[in-house]
Amino acid sequence: MPVTVLDPTSALVVVDLQKGLMGVPATPHSTADVVERTARLADAFRAEGLPVVLVRVTYAADGADKTPGRTDAPQRGGTPPEGWDEVVDVLAGHPGDIVVTKRNWSAFYGTDLDLQLRRRGVTQVVLTGVATSIGVESTARAAHEHGYHVTLATDAMTDLDDEAHRGSVERIFPRLGETGSTDDVLKTLARRG
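Residues numbered from 1 in each chain as written. Predicted model: local features only at pLDDT ≥ 70, side-chain atom pairs only at ≥ 80, totals over all residues. Heavy atoms only, no water.

Asker: Please explain the environment of A153 as it appears in this structure.
Answerer: Inspection of the secondary structure puts A153 in strand β5 (residues 149-158). Counting along the chain gives 31 residues from A153 to D184, while the straight-line C-alpha distance between them is 8.1 Å. Aside from chain neighbours lying at most four places away, what touches A153 is L41, L127, T128, G180, T182 and V185. (Helix = DSSP H or I, 4+ residues; strand = E, 2+ residues; numbered from the N terminus. Contact = heavy atoms within 4.5 Å.)

See below:
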């Protein structure tokens, strides 16, 4: 489905576009393309006076605040490089942006994201970021459950696995909101005024 409308109080929520994730092999879009498209959206939202939320994931050096529980997937070990959890330079440094720090997949769980959005009267979120099937999907599910209208810029997100990306975009996202390209969102944003 195309993006039909953006509420007057929409916010752009950018998931995990941070330095430590930029070198990770991504599909179907390169992380560089995702950052470029997200930067275009962020500039447009800022120009309209709409909130831009930059979500970053981090953990304590000893891993004490990582999500607990046993999984079949192997856990990454070691100490991440210095600055891995900093928002990429092209998106960082805008004084009006909201920065949310998470320690789980969803940007809502254990953070003040919902509070930050509600205090600004936000009723709709536009999501971008990495990884489509993990951080973005978890955040989209939570946004939907919190009662926000959800829009997903599917060419401004990417994953570690093409099949996982497609599964989210084709099967899950249409049940949570509207999907479209960066250009679709920008055109709809321009029609708002």
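Let us keep going from here.
Asker: Explain helix α5 (residues 182-192) here, please?
Answerer: In an α-helix, one turn spans 3.6 residues; hence positions three or four apart end up facing the same way. All of the buried residues in α5 are T182, V185, L186, T188 and L189. Looking down the long axis of α5, one finds its buried residues gathered within 165 degrees of arc, a one-sided arrangement. Those residues of α5 that are exposed and aimed more than 90 degrees away from the buried face are K187, A190 and R191. (Buried < 20%, exposed > 50% of the residue type's maximum accessible area, 1.4 Å probe, protein only. Arc of directions from axis to C-beta.)

Asker: Is there a simple way to think about the sheet that holds strand β3 (residues 98-102) in this case?
Answerer: What links the strands of a sheet is backbone hydrogen bonding, and the strands pair in either a parallel or an antiparallel sense. The 6 strands lie next to each other as β3-β2-β1-β4-β5-β6, forming an open sheet whose pairing is parallel. Both edges of this open sheet fall to β3 and β6 (178-180), since each of them pairs with a single strand only. Mean inter-strand twist for the sheet, computed between neighbouring axes without regard to direction, equals 25 degrees. As paired strands, strand β1 (residues 10-15) and strand β4 (residues 124-130) are joined by 6 bridges and run parallel to one another. Bridge pairing in β4 places V15 opposite G129. Each of β1, β2 (52-57), β4 and β5 touches helix α1 (residues 31-47); the most contacted strand, β5, lies at about 140 degrees to it. Contacting β1, β3, β4 and β5, helix α3 (residues 132-145) crosses the sheet at an angle of about 165 degrees to β4. (Pairing = 2+ DSSP bridges. Axes fitted to C-alpha atoms, helices over the stretch in contact; angles between N-to-C directions.)

Asker: Before we go on, may I ask you to explain the packing of aromatic side chains in this structure?
Answerer: Two measures describe an aromatic ring pair: the distance that separates the ring centres and the angle between the ring planes. The tally for this structure, following the rule as stated, stands at 1 aromatic pair. Between F108 and Y148, the aromatic rings sit 6.0 Å apart at their centres with planes inclined by 35 degrees, giving tilted as the arrangement. Note that F108 is positioned in the loop between β3 and α2 (113-119) and Y148 in the loop between α3 and β5, a separation of 40 residues in sequence. The pair formed by F108 and Y148 is uniform in burial state, with each residue classed as buried. (Phe/Tyr/Trp six-rings, centres within 6.5 Å; stacked < 30°, edge-to-face > 60°.)

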